[in-house]
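Examination of the molecular architecture
Residues per chain, in single letters:
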Amino acid sequence: MTTPSTPRQPTIFIPHGAGPCFFMDWNPADAWDNTAAYLRGIPASLPAKPKAILLVTAHWLAPQPSMSSAAQPGMLFDYYGFPPHTYELTYPAPGAPALADRVSGLLAGAGFAPQQDGARGYDHGTFIPLKVAFPDADIPVLQLSLLQSLDAAEHIRLGQALAPLRGEGVLIVGSGMSYHHMRGYGDPRSTPVAAEFDRWLGETVALPAAERNARLADWATASGPAGRLSHPPRAEEHLLPLHVVAGAAGDSRGAKVFTDRVMAVDISAFRFD
């Protein structure tokens, strides 16, 4: 229950960048500067310091919703071919075992069969953006998977089960990319495609909840050709964290709160207050 001492947190979808992009040289050198500045600004934009962060990562797919339940998760360097120092990054934020139990109960009550994984560490969909946004690493983090089914409606339903956490001081973050077609990055032919899908997403999240969720559930058709050109079939895992945070938003309307053009495509963040 929301009380004056625990103001309701928003739900947020963030772009987590490309691998460890914020912690290495890039070409051009300032490619990720705007995204990093947006991430750094998140704490000051919140109604209060979160009691915990529930982060839905694009880099973990499981048959049922799974969560990293260790008291002190390690690091999972699930990127390849980057400079050696990027495999020495640390993010010592504590885990959130009690929150894992709370989330398990909420998801079980919604008909899911949640799993807890005490061995899994923070993957780069989690530790890279959080290291920028919350560098003190002093907020407990619970990392939550997506569903292997990639079923859009089920991810909205999953988010709906998590909605009570907003009033308990938990910040729900979806970490992905609003555009994620690997062959399209850096190709100027992708620029109008990404811009059109980005426009559709901004329009969609601002709709009343029922209409918003219906459009998101049918995103691959409702968004026109730009949708699948931005997220190819069976590769939409970077979009689906948005569906979870939209579901968790309840009746809160969303807004595009950040956008930038990186590697010839538009990437955006969306927030539901």
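Above this note sits the structure.
Rules and cut-offs
Residues numbered from 1 in each chain as written. Predicted model: local features only at pLDDT ≥ 70, side-chain atom pairs only at ≥ 80, totals over all residues. Heavy atoms only, no water. Phe/Tyr/Trp six-rings, centres within 6.5 Å; stacked < 30°, edge-to-face > 60°. Helix = DSSP H or I, 4+ residues; strand = E, 2+ residues; numbered from the N terminus. Lys NZ or Arg CZ within 6 Å of the ring centre and 35° of its normal. Contact = heavy atoms within 4.5 Å. Buried < 20%, exposed > 50% of the residue type's maximum accessible area, 1.4 Å probe, protein only. Pairing = 2+ DSSP bridges. Axes fitted to C-alpha atoms, helices over the stretch in contact; angles between N-to-C directions. Parallel < 35°, antiparallel > 145°, perpendicular 65-115°, else oblique. Left-handed = near helix turned anticlockwise from the far one by under 90°. Nonpolar A, V, L, I, M, F, W, Y, C, P; charged D, E, K, R; others polar. Core = buried A, V, L, I, M, F, W, Y, C linked by side-chain atoms within 4.5 Å. Polar contact = N/O pair within 3.5 Å; in protein donor to acceptor, adjacent residues only side chain to side chain. Salt bridge = Lys/Arg side-chain N within 4 Å of Asp/Glu carboxyl O.

1. A few points about the packing of aromatic side chains
If you walk through the whole model with that rule in mind, you get 14 aromatic pairs. Plain terms: the ring middles of Phe-197 and Trp-200 are 5.9 Å apart, the flat faces sit at 10° to each other, and that makes the pair stacked. Highlighted residues: Phe-197 and Trp-200, both in helix 5 (residues 191-205), separated by 3 residues, approximately one helical turn. Of the aromatic side chains, those joined through ring pairs into one cluster are Phe-77, Tyr-79, Phe-82, Tyr-87 and Phe-127. Directly above the aromatic system of Phe-23 lies the positively charged group of Lys-131, at a separation of 5.9 Å from the ring centroid. One residue, Arg-157, lies across the ring of Phe-112, its end atom 4.2 Å from the ring centre.

2. A few points about the environment of Ala-31
As for its placement among the helices and strands, Ala-31 is situated in the loop between strand 1 (11-15) and helix 1 (33-45). When the C-alpha positions of Ala-31 and Pro-114 are compared, they lie 38 Å apart, and in sequence the two are 83 residues distant. Contacts of Ala-31, omitting those with residues within four sequence positions, involve Trp-26, Asp-260 and Val-262.

3. Re the pairing of strand 1
Consecutive residues of a regular strand have side chains that alternate between opposite faces of the sheet. A large share of strand 1 lies buried, amounting to 5 of its 5 residues. Residues Thr-11, Phe-13 and Pro-15 point to one face of strand 1 and Ile-12 and Ile-14 to the other, with burial holding for every one of them. Relative to strand 6 (residues 170-176), strand 1 runs parallel, the two sharing 5 bridges. Bridged to Thr-11 within strand 6 is Ile-172. Looking at chain direction, strand 1 and strand 8 (residues 265-272) are connected through 3 bridges and run antiparallel. Paired with Thr-11 across the two strands is Phe-272, which belongs to strand 8.

4. A short note on the environment of Leu-158
For Leu-158, the position within the fold is in helix 4 (residues 152-162). Owing to a relative accessible area of 0%, Leu-158 belongs among the buried residues under this scheme. Between the C-alpha atom of Leu-158 and that of Val-244, which follows or precedes it by 86 residues, the distance is 6.3 Å. Once residues within four sequence positions are removed from consideration, Leu-158 is found in contact with Pro-65, Leu-107, Phe-112, Leu-144, Leu-147 and Val-244.

5. Notes on the side chain of Thr-35
Mapped onto the elements, Thr-35 comes out in helix 1. Not counting residues up to four positions away in its chain, the partners in contact with Thr-35 are Pro-15, Phe-22, Phe-258 and Ile-267.

6. Some words on the packing of helix 2 (residues 97-109) against helix 4
At their nearest, the axes of helix 2 and helix 4 sit 8 Å apart, and the two run at 125° to each other. The pairing of helix 2 with helix 4 is recorded here as oblique in orientation. Where helix 2 crosses over helix 4, the two elements pack in a sense that is right-handed. Contacts between helix 2 and helix 4 involve Val-103, Leu-106 and Leu-107 from the former and Leu-158, Ala-161 and Leu-162 from the latter. The residue inventory of the contact of helix 2 with helix 4, partitioned by class, reads 6 nonpolar, no polar and no charged.

7. Side note on the nonpolar core
Leu-54, Val-103, Leu-162, Leu-165 and Leu-242 are the most contacted members of the largest nonpolar core, which has 42 residues in total. When contributions to this core are tallied by element, the ones reaching two or more residues are strand 2 (52-62), helix 2, strand 5 (141-147), helix 4, strand 6, helix 5, helix 9 (240-248) and strand 8. The element that contributes the greatest number of residues to this core is helix 9, accounting for 6 residues. Beyond its immediate stretch of four places on either side in the chain, Leu-162 contacts Leu-54, Val-103, Leu-106, Leu-107, Leu-144, Ile-172 and Val-244.

8. With respect to helix 3 (residues 124-133)
Of all 10 residues in helix 3, 9 are buried, a share of seventy percent or more. The secondary structure elements touched by the buried residues of helix 3 are strand 1, helix 1, strand 2, strand 5 and strand 6.

9. Structural notes on the side chain of Asp-266
Position of Asp-266 relative to the elements: it lies in strand 8. A distance of 2.7 Å separates polar atoms of two side chains, one belonging to Asp-266 and the other to Arg-261. Residues within four places of Asp-266 in sequence aside, it is in contact with Ser-178, Tyr-179, Ala-194, Ala-195, Asp-198, Thr-259, Asp-260 and Arg-261.

10. Observations concerning the pattern of salt bridges
Under the counting rule described, the total for this entry stands at 12 salt bridges. With its nearest N and O atoms 2.7 Å apart, the salt bridge here joins Asp-187 to Arg-189. Taking relative accessible area as the criterion, Arg-189 reaches 67% and is therefore assigned exposed. Put simply, Arg-228 and Glu-236 hold a salt bridge, and the shortest N to O gap is 3.2 Å. We classify Glu-236 as buried; its relative accessible area is 5%. By sharing partners, the salt bridges in this structure join Glu-196, Arg-199, Glu-203 and Arg-215 into a single network.

Nothing here speaks to function; it is all geometry.
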